[in-house]
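# Understanding the architecture of this molecule
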Amino acid sequence: MFNYNVKLALKSMRRNPIMTALMIAAISVGIGVCMTTLTVYYLMSSNPIPHKSDVLFAVTIDSWNPLRPFDDDYPERAPHQLTFHDAERLIDVGKGIRQTAMFESSLIIEPAGEDQLPFEVGARVTYTDFFPMFDVPFLFGSAWDRSADTNGEPVVVLTRELNERLFGGADSVGETLTMQGMRFQVVGVIDTWEPTPRYYDPINGGFQRINEMFIPFSLTRVLELNSTGSDWGWKSEDITSFEQWLNSESVWVQYFVQLDSPRDRDDYVTHLDAYVTEQKKLGRFERPMNNSIHNVTEWMEYHEVVANDARVLVGLSFLFLIVCLLSTIALLLTKFVGKNSETSLRRALGASRNAIFRQQIVEVAVIGFAGGLLGLMLTLLGLEGIEYLYEAPPGLVNLDWLMVTTAIAIAIASSMVAGLYPAWRVCRIPPAAQLKTQ
Amino acid sequence: MLEMSRIQKIYRTELIETHALRDLSLSVGDGEFVAVTGPSGSGKTTFLNIAGLLESFENGSYVLDGRNVAGLNDDQRSEFRNRKIGFIFQSFNLIPDLNLYDNVDVPLRYRRLPAAERRARIRRALETVGLASRMKHLPAQLSGGQQQRVAIARALAGEPAMLLADEPTGNLDSAMAHQVMDLLEEIHAAGATIVMVTHDPDLARRAERNIHLMDGRVALEDYSTGAADLPPQPADRERLVARA
């Protein structure tokens, strides 16, 4: 009977093509708007590394101004980043399964050919643990050796795109390139990797693209690398040299540690407390003890990667869908009134009210399905628009199968809900009502 | 087959009550071909709607094919109607965008018959009315008489206990009307019970029995075909009502 009802639905839709098109358009616009905001919200709030989000932790220690908290709105919070020298010391001690300090910088690449102009690229200055901690996939080569982390070796890992630009996409491991007057050896090229949100650095934008290259943290001193990301300071310090800057109380280094068990986590916090206690003896860390670690989910919530605006927008778009559905209800009522004589005939020939109700509901479900398909196309357009508007990297905001299925399911379910009242009305038509007048 | 006893039907509005049927009692035996006649407003259509379980009634009893239908709920009435009654309407009531096959299929769909049996019944019914070769045609591609034959095929396909025909030739010219009547007579000759509402005396004479309604009651029953002079003259009216 379902197939029969689908066949009748298609015939009925063809019978009133303009009205059918209007209903499909109303549903598709509602679904398009709804799914666009929902997809953005879903991407923003999704767990980018579900299998490790509970073992990767951002580290915060409160080295801030003793007279006022880092964030007046959240006085319990320590600064989001560490000072360079605290990060270096925590790395030296180790204690985590893996750990990395990092910051964003930029370097000028000097191409070998004289016909090419130098160009600037963004770099993540980090430790070799960065790659296995965050499951970075490699296309060629691998991360650098640990010795590079301590010896300031000029090695570099390129993104696939930069490798394409510099070496035409070939295996460039062993090749060299010149930056800041220093020859760097390529040790690895990573494959396409675009964690969304960029959970390891929500401070500098959870939806920014990853940096184009990775170089060892130990090169910071060698090349006197400055951070191009956020940095905060509270202390008036007389800084006349790069070394003084590195030893200042400005916080500009992010720190992540991998801790696999609850005991590891407890031990690590104890280790942080011990470090801060030691620093207090040196006259630093004058605020109350406030050291904490935040797993990936907590870290994204901490930085409100999913802004409240996004939630409000999802709510508003669902309200818009309801408005579209109300229009659909009005159209359905008009359409079904036109089917009174056929309904009356079917009732006379033995169709029960339930059978008539099911027939109408299947018809609105088919309309909803068509609206859902068209709505998906509008969603893709909407996402393109959002990428353009927010200058997001192409392909960052995409529909996955879950969202496609959700879109169709919402379209069918909502149109069926919209069809309940019109279908109920039409199935109440008495069987004898229209037979004489047809 | 059909046994109605003291059936009443009153249509009510805020201002007026209309007694469409007043203690109507009549019966139709198995295999009978009965014509129901009467002037406009005499209750013919109301009788047909009640006989076809399309409308409810206030008082009285109605037994169809051995079952008292008074207590049936809407779903039961639908199912019983589907199994026991085949309708033939004055305006054919075919669904315009379904072809002949699908039109005849409509009542069978609600009986949940296996596809093979539905196919066989549809083909057989269309062969009976001589339109099997045009089963893929749309109703608009047929003449009025052919459309009514399709409606008859639709009524026959369900193999009902009784055919109810409401002015089956009312929308046809005389030649086509006679063809349709010939077909109904053939179907009756094959054993079908037919109740036909008509205001055409010539057609009524072709039935085995004539029941004349007036003011919602049976005014005259005549078992000799064509014996009733229809419609009754005003002078006869009082006498006929008194007989009822």
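Residues numbered from 1 in each chain as written. Chains lettered and ligands numbered in written order. Predicted model: local features only at pLDDT ≥ 70, side-chain atom pairs only at ≥ 80, totals over all residues. Heavy atoms only, no water.

## Side note on the side chain of threonine 36 of chain A
Residue and element names in this part refer to chain A. For the record, the criterion: Runs of H or I in DSSP of at least four residues are treated as helices and runs of E of at least two as strands, each being numbered from the N terminus. To sort residues, take the accessible area from a 1.4 Å probe on protein chains only and compare it with the maximum for the residue type: under 20% means buried, over 50% means exposed, and anything in between is partly exposed. When checking whether two residues touch, look at their non-hydrogen atoms; a contact exists if any pair is within 4.5 Å.
Along the polypeptide, threonine 36 turns up in helix α2 (residues 17–45). Of the residues examined, threonine 36 reaches a relative accessible area of 9% and is grouped as buried. Aside from chain neighbours lying at most four places away, what touches threonine 36 is Ile31, Leu378, Thr379, Gly382, Leu383 and Ile386.

## Concerning the packing of aromatic side chains
Residue and element names in this part refer to chain A. Inclusion rule: The aromatic pairing rule takes the rings of Phe, Tyr and Trp, using the six-membered ring of Trp, and pairs them if the centres are within 6.5 Å, calling planes under 30 degrees apart stacked, those over 60 edge-to-face and the rest tilted. Lysine and arginine charges are scored as sitting over a ring when NZ or CZ, respectively, is within 6 Å of the ring centre and within 35 degrees of the ring normal.
As enumerated under the stated definition, the model contains 26 aromatic pairs over all chains in all. Ring centres of phenylalanine 131 and tryptophan 144 lie 5.3 Å apart, and the angle between their planes is 90°; on these two criteria the pair is classed as edge-to-face. Of this pair, phenylalanine 131 sits in helix α4 (residues 130–133) while tryptophan 144 sits in the loop between β5 (138–141) and α5 (146–151); the two residues are 13 residues apart in sequence, bridging distant segments of the chain. The exposure classification of phenylalanine 131 matches that of tryptophan 144, with both residues buried. Three or more aromatic residues joined by ring pairs form one cluster here, namely Phe130, Phe131, Phe134, Phe138, Trp144, Trp193, Tyr199, Tyr200, Phe214 and Phe256. The ring of tyrosine 74 has arginine 77 sitting right over it, with the charged end atom 4.0 Å from the ring centre.

## Brief notes about the sheet that holds strand β1 (residues 2–12) of chain B
All names here are of chain B. For clarity, the cut-off: DSSP bridges decide pairing: two strands pair if at least two such bridges lie between them. Only the contacting stretch of a helix is used when fitting its axis, a line to C-alpha atoms as for every element, and angles between N-to-C directions run 0 to 180 degrees.
An order of β2-β1-β4-β5 is seen for the four strands of this open sheet, with the pairing classed as antiparallel. Looking at which strands have only one partner, the edges of the open sheet turn out to be β2 (17–28) and β5 (67–68). The sheet contact formed by β1 and β2 spans eight bridges and is antiparallel. Counted as the bridge partner of leucine 2 is valine 28 from β2. The sheet strands contacting helix α1 (residues 44–51) are β1, β2 and β4 (59–64), and the helix crosses β1 at an angle near 120°.

## Some thoughts on the pattern of salt bridges
Stated formally: Between Lys or Arg on one side and Asp or Glu on the other, a salt bridge is scored when a side-chain nitrogen of the former is within 4 Å of a carboxyl oxygen of the latter.
Considering all chains together, one arrives at 37 salt bridges over all chains under this definition. A salt bridge links aspartate 74 of chain B to arginine 347 of chain A; its shortest N-O distance comes to 2.8 Å. Here arginine 347 of chain A lies in helix α12 (residues 340–348) and aspartate 74 of chain B lies in helix α2 (residues 74–84), a pairing that spans two chains. Here the residues in one salt-bridge network are Arg15, Glu342 and Arg346 of chain A together with Asp97 of chain B, joined through shared partners.

## Points about the interface of chain B and chain A
Convention followed: Buried area is understood as the total, over both parts, of accessible area removed when two parts are fitted together, assessed with a 1.4 Å probe. Contacts described as polar in this section are N or O atom pairs within 3.5 Å, which, within protein, must combine one atom able to donate a hydrogen with one able to accept it, while residues neighboring in sequence count only if both atoms come from side chains. Following the grouping adopted for this structure description, the nonpolar residues are Ala, Val, Leu, Ile, Met, Phe, Trp, Tyr, Cys and Pro, the charged ones are Asp, Glu, Lys and Arg, and the polar ones are all others, Gly among them.
Residue-level contacts link 27 residues of chain B with 24 residues of chain A. Summing both partners gives a buried area of about 2300 Å² for chain B against chain A, and 53% of it is carried by carbon and sulfur. Area buried by chain B at its contact with chain A is led by Asp97, Arg109 and Tyr110 of chain B, which between them contribute 27% of it. In this structure, aspartate 102 of chain B and lysine 7 of chain A form a salt bridge, with 3.2 Å as the shortest nitrogen-oxygen distance. The tally of links between chain B and chain A comes to nine residue pairs in polar contact (both at pLDDT 80 or more). Among the elements of the structure, α1, α2 and α3 (100–109) of chain B are those that each provide at least two residues to the side of chain B that touches chain A. Its residues assigned to classes, the side of chain B that touches chain A comprises nine nonpolar, seven polar and 11 charged.

## Brief notes about the confidence of the model for chain B
Residues and elements named next belong to chain B. The condition that has to hold: pLDDT: the predictor's confidence for each residue, scored from 0 to 100.
Residue-level pLDDT values for chain B average 84, and 91% of them are 70 or greater. Looking over chain B, one finds the lowest element-wise mean pLDDT in helix α8 (residues 234–243), namely 41, and the highest in α3, namely 93. Below pLDDT 50 for its whole length, residues 226–244 participates in 21 contacts with residues either more than four positions away or in separate chains. Predicted complex metrics record ipTM = 0.85 and pTM = 0.67.

## Focus: a nonpolar patch on the surface
All names here are of chain A. In plain terms, the rule: The patches reported here contain residues having more than 30% relative accessible area and no salt bridge. Joining distances are 9 Å for like charges and 5 Å for nonpolar side chains (Val, Leu, Ile, Met, Phe, Trp, Tyr). Accessibility throughout is a Shrake-Rupley quantity obtained with a 1.4 Å probe, and a residue counts as covered only by protein chains that appear here.
Taken together, Val29, Val33, Phe320, Val323, Leu374, Met377, Leu378 and Leu381 make up a surface patch of nonpolar side chains, about 650 Å² in accessible area. Secondary-structure elements contributing two or more residues to the nonpolar patch are α2, α11 (308–337) and α13 (353–389). Looking at which element gives the most residues to the nonpolar patch, the answer is α13, with four residues. Within the fold, leucine 381 resides in helix α13.

## Some points on the nonpolar core
Rules: As used here, the term nonpolar core means buried Ala, Val, Leu, Ile, Met, Phe, Trp, Tyr and Cys residues forming a set that is joined through side-chain atoms within 4.5 Å.
Residues Met4, Leu24, Phe47 and Tyr62 of chain B are the most contacted members of the largest nonpolar core, which totals 81 residues. Those residues within four positions of methionine 4 of chain B in sequence are excluded, and the remaining contacts are Leu24, Ser25, Leu26, Phe47, Ile50, Ala51, Ser61 and Tyr62 of chain B. Of all hydrophobic cores here, the second largest spans 45 residues; its members include Phe57, Leu158, Leu246 and Leu272 of chain A.

## Considering the sheet that holds strand β6 (residues 85–88) of chain B
Residues and elements named next belong to chain B. Overall, mixed pairing links the six strands, which are arranged β6-β7-β8-β3-β9-β10 in an open sheet. Only two strands of the sheet have a single neighbouring strand rather than two, namely β6 and β10 (217–222). Adjacent strand axes in the sheet meet at a mean angle of 20° when their direction is disregarded. Where strand β3 (residues 33–37) lies against strand β9 (residues 209–214), four bridges are found, and the strand directions are parallel. Directly across from valine 34, in β9, lies its bridge partner arginine 209. Together, β6 and β7 (162–166) form the strand contacts of α2, whose direction differs from that of β6 by roughly 75°.

## Thoughts on the packing of helix α1 (residues 2–15) of chain A against α13 of chain A
Residues and elements named next belong to chain A. For clarity, the threshold we go by: A crossing counts as left-handed when the near helix is turned anticlockwise from the far one by less than a right angle, and as right-handed when that turn is clockwise.
Running from N to C, α1 and α13 point in directions that differ by 65°, and their axes come no closer than 8 Å. Between α1 and α13 the crossing geometry is right-handed. Within the contact between the two elements, α1 uses Phe2, Asn5, Val6, Leu8, Ala9, Leu10, Ser12 and Met13 and α13 uses Arg358, Gln359, Val362, Glu363, Val366 and Ile367. For the contact of α1 with α13, a count of residues per class yields nine nonpolar, three polar and two charged.

## Quick look at the environment of proline 48 of chain A
Residues and elements named next belong to chain A. Here proline 48 lies in the loop between α2 and β1 (56–60). Note: C-alpha distance between proline 48 and proline 197 (149 residues apart in sequence) is 6.4 Å. Not counting residues within four places of it along the chain, the set of residues in contact with proline 48 comprises Thr196, Pro197, Tyr199, Val296 and Met300.

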